[in-house]
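Summary of structural features
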Amino acid sequence: MPLDTLDRSPPPFFKQGPSALSRLVFFSALALFLMVADARFHLVQPLRAAIATVLYPAQWLALQPVQLAHSFTAYLTDLKTAHKTEEAARQKLATQSLRAAQVEQLTLENTRLRALLGLQGRVQTPSQAAQVLYDATDPYSRRVVIDKGQLQGVVEGSPVMDESGVLGQITRVYPFVSEITLLIDRDQAIPVLNVRTGARSVAYGDPSPNGGLMELRYMSANEDVKEGDLLTTSGVDGVYPPGLPVARVMKVERRSDSSFARIPCQPLASLQGVLHVMVLEPVTPQPRVAAASAPVAAKAAEATASSVPAASKPATSVPVSSAAARAASAPVSRTRRAASRTAGARP
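Described in the following lines is the structure provided in the data block. (Residues numbered from 1 in each chain as written. Predicted model: local features only at pLDDT ≥ 70, side-chain atom pairs only at ≥ 80, totals over all residues. Heavy atoms only, no water.)

Brief notes about the environment of E281
When you line up the elements, E281 lands in the loop between β12 (276-280) and α4 (289-306). Residues E281 and Q128, spaced 153 residues apart in sequence, show a C-alpha to C-alpha distance of 8.8 Å. What E281 contacts, discounting residues up to four positions off in sequence, is T125, P126 and P159. (Helix = DSSP H or I, 4+ residues; strand = E, 2+ residues; numbered from the N terminus. Contact = heavy atoms within 4.5 Å.)

Following this line, the structure appears as structure tokens:
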């Protein structure tokens, strides 16, 4: 048989198309493009929201056995501690009744003073209750998930608190659930006010993985800060209402080799094992309140550091929080006004 009549093309089984290296390069470039596009332009956010909506029933079903086991364990524990809990509740009720009577008297006096000064009375911030479902799966962040989302009117950037104080801030909203970034997260910052002295500063989350504290940064060593000082929200960022309890100063470490003091603070909210929270509406509603809160706090920290005399500043530059670098798109005018008010309140 002549060789020219033979079919030299390979059978279909051995036709593999592009090489393995070509496909590896193509899909690697595609993955890199999708990551950059999502980080810059948030192109995958609708897909992420759709997936979260689809997986919500499965998550709810998976949580039912855990919630039943937790309810049964809590029931057995409550039977053993019922008498102690009742006695503590009675004492707390008596203390709260005394404080309520004092608050009513102070409120009446405050109303009269505001009427004399022609000031407008403060309006209570609208809020709604929510239940914590579970902790976020990210081991490098301190977040929890609640059972309220866009359908219940929750917006990104809303402050969250429990019965003791500020808990954190809404940083991601889905149709049925929302994520709360706790105050002890390393990327979280909140402008605070020292109730005793009236000085404004910025409290940051603990950068250590297992830390559960906060820290007042860029405070000079001769600053009037004492152990036990109560810190509340200052309200200069336009997100947190003023006067909400945040933390209490644990100790003040003044070192001779640094012009700044190290001031760790203990949050007042129950950051571990919290079950029910209150979601407040931001003081200044805007589309990206959460993105604007971080740069306001960072600019306020820079203004606080710049107010220290030049002779007391160290030779090295002061580090800026990483939250400020990621929020460059926040409104500049609000940031400058908040920073100027924070710097003007310091001596």
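A short note on the sheet that holds β12
Strands sit in the order β1-β2-β5-β4-β3-β12 around a closed barrel of 6 strands; the barrel is antiparallel. Strand-to-strand twist in this sheet, taken as the mean axis angle between neighbours without regard to direction, amounts to 45°. One ladder, built from 5 bridges, connects strand β1 (residues 127-135) with β12; its direction is antiparallel. Bridging across to β12, A130 finds its partner in V277. (Pairing = 2+ DSSP bridges. Axes fitted to C-alpha atoms, helices over the stretch in contact; angles between N-to-C directions.)

A word on the nonpolar core
Ranked by internal contacts, the top residues of the largest apolar core, which has 38 residues, are I190, M214 and V277. Counting residues in hydrophobic clusters, the runner-up holds 5 residues, among them A189, V202, Y204 and Y218. (Core = buried A, V, L, I, M, F, W, Y, C linked by side-chain atoms within 4.5 Å. Buried < 20%, exposed > 50% of the residue type's maximum accessible area, 1.4 Å probe, protein only.)

Quick word on the sheet that holds strand β10 (residues 245-249)
The sheet built from 6 strands closes into a barrel, its strands ordered β6-β7-β8-β11-β10-β9 with antiparallel pairing. Neighbouring strand axes in the sheet, compared pairwise and without regard to direction, differ in orientation by 40° on average.

Some points on the pairing of strand β7 (residues 200-205)
Counting buried positions along β7 yields 5 of 6 residues, so the element is predominantly enclosed. Both strand β6 (residues 189-194) and β7 contribute to a ladder of 5 bridges, which runs antiparallel. Directly across from V192, in β7, lies its bridge partner S201. Linking two consecutive strands that pair antiparallel, namely β6 and β7, is a turn of 5 residues; a positive phi of about 80° is found at G198 within it. Two strands pair when backbone bridges link them, and β7 and strand β8 (residues 214-220) are joined in this way by 3 bridges, in the antiparallel orientation. In the strand pairing of β8, A203 is matched with L216.

Function-wise, these values are silent; they only describe arrangement.
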